[in-house]
Amino acid sequence: MEISLGLQAIRLLLALLLGLSTGLLYDLLRPLRRAAGMIAAAGLDALFCLLTGAGIFLFAMSAGDGKLGQWELCAALLGFLAWLHLLSPFVLPVFEKIHRFLVAGLALCKKSLKIFLHFTKFFFQKLH
């Protein structure tokens, strides 16, 4: 039983989108990985591999007979490489700025919390 040409084109397009979304995930994790230590970076790499493997597995299982063809795998790889070489140079700096902003915001929250805790400790000591 053959698959129609339209269905094949849709599956190739979905595989390409899977590759693009894998590239997006890679760029989302890249600033975290750079800021983390070696063990945390290895954990983020494992997370990336786990999520990517799960995505490819689910995509393959949605195919007829649970069989992923070579063209779909090539389209997913093409989507990932297209993200890395065409879109990543524009998107990654934005993700890095967002990461720096969030880290600075968390540092400010930590400082404010420290001041608040110091104040409450001082205040409640005076109540006794």
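To keep things clear, this report deals only with the structure shown in the data block. (Residues numbered from 1 in each chain as written. Predicted model: local features only at pLDDT ≥ 70, side-chain atom pairs only at ≥ 80, totals over all residues. Heavy atoms only, no water.)

Quick word on the side chain of Thr22
Put simply, the rule is: In DSSP terms, a helix is any run of H or I states spanning at least four residues, a strand is any run of E spanning at least two, and both are numbered starting from the N terminus. Definition of a polar contact: a pair of N or O atoms within 3.5 Å, with one able to donate and the other able to accept a hydrogen when the atoms are protein atoms, and with sequence-neighbouring residues admitted only if both atoms are side-chain atoms. In this description, contact between two residues means that some pair of their heavy atoms is separated by no more than 4.5 Å.
When you line up the elements, Thr22 lands in helix α1 (residues 5-35). Here the side chain of Thr22 touches Leu18 through a polar contact of 2.8 Å, landing on its backbone oxygen. With residues near it in sequence (within four places) discarded, Thr22 still touches Phe48, Thr52 and Phe80.

Comments concerning α1
Worth spelling out the cut-off: Expected helix span is given by 1.5 Å per residue-to-residue step, counting one fewer step than there are residues. At every residue, the bend is computed as the angle between two fitted axes, covering the seven residues ending there and the seven beginning there respectively. Here's how the labels work: a residue is buried when its accessible area is under 20% of the maximum for its type, exposed when over 50%, partly exposed in between, all with a 1.4 Å probe on protein chains only.
Over its 31 residues, α1 runs 46 Å from end to end, which matches the ideal 45 Å to within 8%, given 1.5 Å per residue. Largest kink in α1: about 30 degrees, centred on Leu29, with the proline Pro31 one to four residues after it. Here α1 has its buried residues at Arg11, Ala15, Leu18, Gly19, Thr22, Gly23, Asp27, Leu29, Arg30 and Pro31.

Digging into the environment of Leu81
By the element assignment, Leu81 lies in helix α3 (residues 70-127). Residue classification places Leu81 among the partly exposed positions, given a relative accessible area of 36%. Residues Leu81 and Leu20 lie 61 residues apart in sequence; the distance between their C-alpha atoms is 8.1 Å.

A closer look at the nonpolar core
Taken as a class, soluble globular proteins show a tendency for nonpolar side chains to be buried jointly. The following threshold applies: The nonpolar core is taken to be a set of buried Ala, Val, Leu, Ile, Met, Phe, Trp, Tyr and Cys residues, with the residues joined through side-chain atoms within 4.5 Å.
If you look at the biggest cluster of nonpolar residues, it comprises five residues: Ala15, Leu18, Phe59, Ala75 and Ala76. Secondary structure elements with two or more residues in this core: α1 and α3.

Considering the pattern of salt bridges
This is how it is decided: Between Lys or Arg on one side and Asp or Glu on the other, a salt bridge is scored when a side-chain nitrogen of the former is within 4 Å of a carboxyl oxygen of the latter.
Taken as a whole and judged by the stated rule, the model has four salt bridges. The partner of Arg11 in a salt bridge is Glu72, with the nearest N and O atoms 3.4 Å apart. Linking Arg11 in helix α1 with Glu72 in helix α3, this pair joins segments that are 61 residues apart in sequence. A salt bridge links Arg34 to Glu96; the nearest nitrogen and oxygen atoms lie 2.4 Å apart. Remark: Glu96 occurs in helix α3 and Arg34 occurs in helix α1; sequence separation between them is 62 residues. A residue is classified by how much of its surface remains accessible, and Arg34, at 52% relative accessible area, is exposed.

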